[in-house]
Structure formats: structure tokens, C-alpha cells
Amino acid sequence: MPEAMATTKRKFYKALDSLQNPPATATRPTEPAAKRVRRSTSTTSTVSRNASAPNTNNVKGDGTARPPPNFSPWSHETFLARLKTFSSVSLWHPKPEAISEVEWAKRGWVCVDVNTVACRGGCEKRLVVSLAFAERTSIEQRVDEAGEVHDEQDGVEDDGSAMEDALVERYRALVVDGHADTCLWRKAGCKDDISRLQVVRPTVWQPELRKRYQSLHQICDAIRDVKLKALPHDTTSSLPTERLLADLPADVLGPPGEEQPTPEDSLKALEIALHGWRGSEDSGNELLHCDACFQRVGLWMYQPDYKPAHSSSDDDGGDSATIDLVEMHREHCPWRNAGTQKSAGSLSGLNACYILQRVVSTCAREQRRRSEEQQKGGQVADDDVEQGEEGETPVSPAPSREDVERQDKERESRLKKLKSLFTMKRKSAKPVIATAAR
Ligand SMILES: [Zn+2]
Ligand SMILES: [Zn+2]
């Protein structure tokens, strides 16, 4: 992502943040170790910094009501509620993985102030977690903080890395030891698979996919012209999105809503929804939103006519304005990260995007097989059908042959229409959903 664009984004999200979170009162860090060290560069990669930049939260800085009880390490819901408190760029700055927001949230901590965590409702301990990252690109922020923190910025650059390693180690211990002796969070935290998303069970993935898909139809004007980079459909186990749209049982995606979306809009909405994003609107700005990592993507920056305010060079080609539907999730997000999805068995090593595509593809194949079976009068035609993971056999009374033939014709023509749209898109210069080759 070009620096200028990243800066513009950061500014916008900062502004958005300050609308939603009145600026935190200037509490000084109380943790001596945090005060002593300042570095002017971050050791986190550009990618992870940028990936974390365009986001904000909609939780009040002082914490909204969270569901009790406080000690509930088994609860995915309360884990997410804690994780969400870390999602404001102005409150929580990116940290190395060992002391990332995920680690704190797994041990019961919430973010309550600038780089400050607390055990709310538990032992009430409070810690400042500061490696004093100063982002080169965010001058205002650096000045702000420099005013507050000691001015040893220049001296520590040389041994900054060693110093940071030591600090990370210290904080890693504090994730556990920072709790009071009697605090239950000191004895146990969430299991490593707490982030896992339920994307296999139809009773979970179907309503959730439908909700995301329909929310994206609400903002179809904003997604119509954006360029997307999707997961490749290059395995035998996942179908191209236009096949899914044509073959999925009608009730999986539900009615399209009041306005009649074009097939192209629906295709795009499904593609985005399959990657875990829902559409939302905030103060007239359309956004993609992830409910697992709380990342937000401002769609206006990806419109073809969007010009970054401080763009100085034009050498970044068109790629900068493509939304990578996987990479835009935060690094720890199970939609992107197979390590936090932690699925077992045949799904191990796959992130939630892959798994959902496989599961949805299986569902679409099943549906197709059923209608083909019905067409052949109950004959089984399964030579080209993969074994379904949650294969249930239909129990509805068989429709008449005419019905089936009519339905099949309709489906074929829908598919053809989608295919022609899709081919047109593929011919256009940019790889829109180019990975969906058959
Ligand atoms: Zn505690
Ligand atoms: Zn995410």
C-alpha cells in the first residue's frame, strides 16, 4: 500500500475514532519500564502495520457493558468482546505476536486506555504495555506521545532491538503474572483454539453467510466497481463463485431484499461474504467489516475515481486499489490465519476462508446432484460428485419430471448469464476475480 494512501487512511480512521471515542484523558504511563524506552521505528513489518491501520472500534474507550461472568475462558463470545476493545488504532498500537492483543484477550485483559490493559471485573489490575512504537508516517501521533513520554528517543536507536526483545519477554510474563495472586485468570486462560470460527456446521455458516451476503447488498453501489482479490479456486474441492450462486439451494442465501440486485452485484456480494466480510455504513461511509478481527475497510478508497489526497507519485500501478479479501484481515484473524483457526482433521492447516469455500462448494454440489438425481427419476449419478461432508438426503416428495426439467433449464440459463458476465470481467485489464477460473 502506498505510504500516502496509508496516511490518508490512518487520518480518516483516527477522525472516525475520535467521533466515537472521546479522546482519552491524558493518563501518563505508570509502568516505569515502558517510560524508559522509546524507539523511532517499529520492528513489525510494514504489512502488519498497514494491515492494522484501517480500523477503528465502536466500543467506548471506557468499556461498554460486557456479558458476565468475568472468568469465562471457554467463551468465544466473551473472548471476542475483550478482543474488540483492542481494535481502536488510537488506543492500541501494534505489538509483536507474543504480546499481541490476542494474547492479552486470551488471559482476560481488556484495553481500557492508550496501550493500557486491565482485568475488568476480575482483579482490576492495570498495566501499561508500551514498546513506544512511533510510526514515521504518523507525525501528529509521535509529537503527541513525545510530549508525554521521556525524551530519550535518540539514544536508544542502536540497542533498541535488544531492548525491545527484553521488554517483550517482560510483558509476555506479565500477561499471566500481571494478575493478582488470587485472580482466576492467573491460573488459566482461553485455550489456543478459542479464535476458531464455526464454518462447517450448516446451522452456523448458513445464517451467517446469508447475513453477510444480504448486508453487502445494502451497499452494492459501493462494491460494484471495486477490484477484488479472492482466494484461488484452484483446487478440486472448491467451486467458482458463479457456480455457487447458481447451484446453492435458494434458502441458503435467502431473498435478495427489496431492491432487485443484478447478477453481477450478487456475485460480488457473495465473493466478499465468503471471505468473512459484511457490509456496514458509518456516517455515510460504506465499509467492509470483519466480526472476528474487527478490521474495517473503507470502500471509498477503492473506487476507480479515488485519488489519495497527498499522492506524490503515480508509479504504484493499479494494484494498490485492489481489496485483497484475505490479506485485509488482521494477521491473527482466523479467516486469514490457519494457525488461529486451528481446525482439526482434514481441515487442519486451512484458514476459515478456505474451509468455508469448501463447505459451501460441497453444499452446492449436493444440491446439484439432488436435482440431477431427481431429473433421472431417482437414478444415482454420482460419478462427478465429490463426497459431501455433511451429506443429508432430501426427504421432500419428488417433484414431477416437468418441474425438474423446468428448474434445470432456469438454473442453466442463470449459470450461462453469470458465466458471460464473468468472462467479460476477466477480459478487462485487471484481475478482478481472476482466480475463479474453471
Ligand atoms: Zn485478574
Ligand atoms: Zn478478520
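Each remark here, short or long, concerns the structure printed above.
What you see is a predicted model; the values in this text were computed from it and never measured. (Residues numbered from 1 in each chain as written. Chains lettered and ligands numbered in written order. Predicted model: local features only at pLDDT ≥ 70, side-chain atom pairs only at ≥ 80, totals over all residues. Heavy atoms only, no water.)

Peer 1: Tell me about the sheet that holds strand E1 (residues 110-113), and please be specific about residues and values.
Peer 2: Read from one edge to the other, the open sheet built from three strands follows the order E1-E2-E3, with strand pairing classed as antiparallel. The sheet is open, and its two borders are formed by E1 and strand E3 (126-128), each paired with just one other strand. Between one strand axis and the next, the sheet turns by 35° as a mean value, whatever way the strands run. One ladder, built from three bridges, connects strand E2 (residues 116-118) with E3; its direction is antiparallel. Paired with Val 117 across the bridge in E3 is Leu 127. (Pairing = 2+ DSSP bridges. Helix = DSSP H or I, 4+ residues; strand = E, 2+ residues; numbered from the N terminus. Axes fitted to C-alpha atoms, helices over the stretch in contact; angles between N-to-C directions.)

Peer 1: Talk me through the coordination of the zinc ion (ligand 2); I want residue IDs and the actual numbers.
Peer 2: With distances of 2.1 to 2.3 Å, the protein atoms coordinating the zinc ion (ligand 2) are Cys 290 (SG), Cys 293 (SG), His 329 (ND1) and Cys 333 (SG). With four donor atoms in place around the zinc ion (ligand 2) and angles of 101 to 121° between them, the coordination shape is tetrahedral. (Donors = N, O, S within 2.8 Å, 3.2 Å for Na, K, Ca; no water. Tetrahedral: all angles 85-135°; square planar, octahedral: opposite > 155°, others 65-115°.)

Peer 1: Tell me about the coordination of the zinc ion (ligand 1), residues and numbers included.
Peer 2: Octahedral metal centres with six donors ideally show angles of 90 or 180 degrees, and tetrahedral centres with four donors ideally show 109.5 degrees. Looking at the zinc ion (ligand 1), the protein donor atoms are Cys 119 (SG), Cys 123 (SG), His 179 (ND1) and Cys 183 (SG), and they sit 2.1 to 2.4 Å from it. With four donor atoms in place around the zinc ion (ligand 1) and angles of 101 to 117° between them, the coordination shape is tetrahedral. Taken in chain order, the donor set of the zinc ion (ligand 1) reads C-x3-C-x55-H-x3-C. In this pair, Cys 119 sits in the loop between E2 and E3 while Cys 183 sits in the loop between helix H7 (160-177) and helix H8 (184-187), placing the two residues 64 residues apart along the sequence. Comparing Cys 119 with Cys 183, the two get one shared label, buried. (Buried < 20%, exposed > 50% of the residue type's maximum accessible area, 1.4 Å probe, protein only.)

Peer 1: Break down unusual backbone geometry for me, citing the residues and quoting the values.
Peer 2: The phi dihedral of Glu 124 is positive, around 65°, even though this residue is not glycine. The topology assignment puts Glu 124 in the loop between E2 and E3. Here the phi dihedral of Ser 283 falls at roughly 50°; this positive angle occurs in a residue that is not glycine. Its place among the elements puts Ser 283 in the loop between strand E5 (277-282) and strand E6 (285-290).

Peer 1: Mind laying out the packing of helix H9 (residues 202-218) against helix H15 (residues 352-375), listing which residues take part and the relevant values?
Peer 2: Between H9 and H15, the shortest axis-to-axis distance is 12 Å and the interhelical angle comes to 100°. Our classification of the angle between H9 and H15 gives roughly perpendicular. Contacts from Trp 205, Gln 206, Leu 209 and Arg 212 in H9 reach Leu 356, Val 359, Val 360 and Cys 363 in H15. Class assignment of the residues belonging to the contact of H9 with H15 gives a composition of six nonpolar, one polar and one charged. (Parallel < 35°, antiparallel > 145°, perpendicular 65-115°, else oblique. Contact = heavy atoms within 4.5 Å. Nonpolar A, V, L, I, M, F, W, Y, C, P; charged D, E, K, R; others polar.)

Peer 1: I'd like to hear about the packing of aromatic side chains, residue by residue, with values.
Peer 2: One pass over the full model with this rule turns up four aromatic pairs. Residues Phe 71 and Trp 185 carry aromatic rings whose centres are separated by 4.9 Å and whose planes lie at 70° to one another, so their mutual orientation is edge-to-face. A residue pair is termed long-range when its members are at least 10 positions apart, and Phe 71 in the loop between helix H3 (46-52) and helix H4 (76-84) and Trp 185 in helix H8 qualify at 114 residues. Note on Phe 86 and Trp 92: the rings are 4.8 Å apart at their centroids and 85° apart in plane angle, and the pair reads as edge-to-face. For the pair Phe 86 and Trp 92, a shared accessibility class is recorded, and that class is buried. Members of the aromatic cluster, each reached through a chain of ring pairs, are Phe 71, Trp 74 and Trp 185. (Phe/Tyr/Trp six-rings, centres within 6.5 Å; stacked < 30°, edge-to-face > 60°.)

Peer 1: Tell me about the pairing of E1, and please be specific about residues and values.
Peer 2: Note that E1 and E2 share three bridges and pair antiparallel. Bridge assignment links Cys 111 to a residue of E2, and that residue is Val 117. Hairpin connection, E1 to E2: the antiparallel pair is bridged by two residues, and Asn 115 has positive phi, about 50°.

Peer 1: Just give me the short version of the sheet that holds E6, but keep the residues and values in it.
Peer 2: Within the open sheet, the three strands sit side by side as E5-E6-E7. Their pairing is antiparallel. In this open sheet, the two edge strands, each paired with only one partner strand, are E5 and strand E7 (296-298). The average angle at which neighbouring strand axes cross in this sheet is 30°, direction not considered. Of the pairings in the sheet, the one linking E6 to E7 comprises three bridges and is antiparallel in character.

Peer 1: An account of H15 is requested, with residue identities and associated values reported.
Peer 2: Over its 24 residues, H15 runs 34 Å from end to end, which matches the ideal 34 Å to within 8%, given 1.5 Å per residue. Summarising burial for H15: 18 of the 24 residues are buried, a large majority. For H15, the N-terminal cap is Asn 351; the gap from its side-chain oxygen to the backbone nitrogen of Cys 353 is 3.2 Å. A positive backbone phi angle near 65° is found at Gly 377, which sits one or two residues after H15. (Expected span 1.5 Å × (residues − 1). Polar contact = N/O pair within 3.5 Å; in protein donor to acceptor, adjacent residues only side chain to side chain.)

Peer 1: A description of H9 should follow, citing residues and the corresponding values.
Peer 2: Given a rise of 1.5 Å per residue, 17 residues ought to cover 24 Å, and the 24 Å separating the end C-alpha atoms of H9 matches this to within 8%. Among the residues making up H9, those that are buried are Val 204, Trp 205, Gln 206, Leu 209, Arg 212, Tyr 213, Ser 215, Leu 216 and His 217.

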